[in-house]
Amino acid sequence: MTQQVENPFWSFSLALYERPGVELACLRLQNKAAMDVNLALLCCWLGMRGVFLPKESLQHLIDQTEAWRQTVIGPIRDARIASKSVELPAEMNGRDAFREDLKQVELAAERMLQDMLYLMLNELPGKDGREADPGGLVRGNLSRYAGACKRRIDAGLRTAFETLAQESMTLA
């Protein structure tokens, strides 16, 4: 078992993901905009804590976590998704249990990514926005993240961001 970092960001992420519409919003970011859900959740968590994340800081986080996302999380996710559609002999059981095992491994890899992000915050420049509206900070952080990813904010992305901002506010 891996040693985990005490990480309030992870606790926030789990609570936010359970809120209505958040899973769908996160999947839209991941599948339609190719944005990392963990970085989007970090934008929300930091916004709720009064932190304005500059685009340069977001780019640093993207760059520092790219290898983990591409070489660890991506292949695990791809295997989980592929295992759903591969034809198996009728006599074989266990596909659902196997997919659940993959899902748990994927979740553990996501947790490790969130621990990396959390630890990187000590060296990351951010701006004090405690006097600002937390929902506005969340929206701004998400918009700057989209900009760092070179994503145009269309109606679908705007809706996903709004869901994340609104539901983050319920956890305040």
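Above: the structure in question.
This is a predicted model, so every value here is computed, not measured. (Residues numbered from 1 in each chain as written. Predicted model: local features only at pLDDT ≥ 70, side-chain atom pairs only at ≥ 80, totals over all residues. Heavy atoms only, no water.)

Enquirer: So what's going on with the overall build of the protein? Residues and values would help.
Expert: Per the secondary structure count, the protein includes seven helices and two strands. Starting at the N terminus, the α and β elements of the protein follow one another as α-α-α-β-α-α-β-α-α. Compactness check: the protein gives a C-alpha radius of gyration of 17 Å against a globular reference of 16 Å for 172 residues, within 12% of the reference. Structurally, the protein occupies a C-alpha span of about 60 × 40 × 30 Å along its principal axes. In the protein, which comprises 172 residues, the proportion classed as buried is 42%. (Helix = DSSP H or I, 4+ residues; strand = E, 2+ residues; numbered from the N terminus. Rg over C-alpha atoms; globule rule 2.2 N^0.38 Å. Buried < 20%, exposed > 50% of the residue type's maximum accessible area, 1.4 Å probe, protein only.)

Enquirer: How would you summarise the environment of S57 if you had to cite specific residues and measurements?
Expert: Note that S57 resides in helix α4 (residues 55–85). A C-alpha to C-alpha distance of 11 Å links S57 and C43, two positions 14 residues apart in sequence.

Enquirer: Mind laying out helix α1 (residues 8–17), listing which residues take part and the relevant values?
Expert: Think of an α-helix as 3.6 residues a turn; residues three or four steps apart then line up on the same face. Of the positions making up α1, those classed as buried are F9, W10, F12, S13 and L16. Seen along its axis, α1 keeps its buried residues to an arc of 160°; they face one direction. In the core, the buried residues of α1 are packed alongside α2 (22–32), α3 (37–48), α5 (95–120) and α7 (155–169). At the N-terminal end of α1, a side-chain oxygen is found 2.9 Å from the backbone nitrogen of F9, two or three residues along, and the residue is N7. (Arc of directions from axis to C-beta. Contact = heavy atoms within 4.5 Å. Polar contact = N/O pair within 3.5 Å; in protein donor to acceptor, adjacent residues only side chain to side chain.)

Enquirer: Explain the state of the cysteines to me, using residue names and the numbers behind them.
Expert: Counting across every chain of the model gives zero disulfides. With no disulfide of its own, C26 lies closest to C44 among cysteine sulfurs, the gap being 7.5 Å. Among the cysteines around C44, which has no disulfide bond, C43 carries the closest sulfur, lying 6.8 Å off. For C44, a relative accessible area of 0% puts it in the buried group. (Disulfide = S-S within 2.5 Å.)

Enquirer: Summarise helix α6 (residues 134–148); cite the residues concerned and give the values.
Expert: With 15 residues, α6 should cover 21 Å at 1.5 Å per step; its first-to-last C-alpha distance of 21 Å lies within 8% of that length. Residues of α6 that are buried sit in contact with α3, β1 (51–52), α4 and α7. A positive phi of about 60° marks K150, the residue just after α6. (Expected span 1.5 Å × (residues − 1).)

Enquirer: Quick rundown of the pattern of salt bridges? Include the residues and the values.
Expert: In a structure, side chains of opposite charge can pair up when their charged atoms sit close to one another. Per the stated rule, a full pass over the model turns up eight salt bridges. R19 is the partner of E167 in a salt bridge, and the nearest nitrogen-oxygen pair spans 2.9 Å. Of the two residues, E167 is situated in helix α7 and R19 in the loop between α1 and α2; the sequence distance between them amounts to 148 residues. By relative accessible area, R19 is classed as partly exposed at 29%. With its nearest N and O atoms 2.8 Å apart, the salt bridge here joins R139 to E162. Of this pair, R139 sits in helix α6 while E162 sits in helix α7, and the two are 23 residues apart along the sequence. Overall, the relative accessible area of 27% leaves R139 in the partly exposed class. (Salt bridge = Lys/Arg side-chain N within 4 Å of Asp/Glu carboxyl O.)

Enquirer: Go over the packing of aromatic side chains, please, and point to the residues and values.
Expert: Throughout the structure, instances matching the rule amount to two aromatic pairs. Consider the rings of F9 and W45, whose centres lie 5.5 Å apart with planes at 35°: the pair is tilted. Within this pair, whereas F9 is found in helix α1, its partner W45 is found in helix α3, the two being separated by 36 residues in sequence. Using a relative accessible area of 0% as the deciding quantity, one classes F9 as buried. With 5.9 Å between their ring centres and 55° between their planes, W45 and Y118 make a pair best called tilted. Pair noted here: W45 is in helix α3 and Y118 is in helix α5, with a separation of 73 residues, a long-range link. Of the residues examined, Y118 reaches a relative accessible area of 23% and is grouped as partly exposed. Through pairs of rings, three or more aromatic residues link up here, namely F9, W45 and Y118. The ring of F52 has R144 sitting right over it, with the charged end atom 3.7 Å from the ring centre. (Phe/Tyr/Trp six-rings, centres within 6.5 Å; stacked < 30°, edge-to-face > 60°. Lys NZ or Arg CZ within 6 Å of the ring centre and 35° of its normal.)

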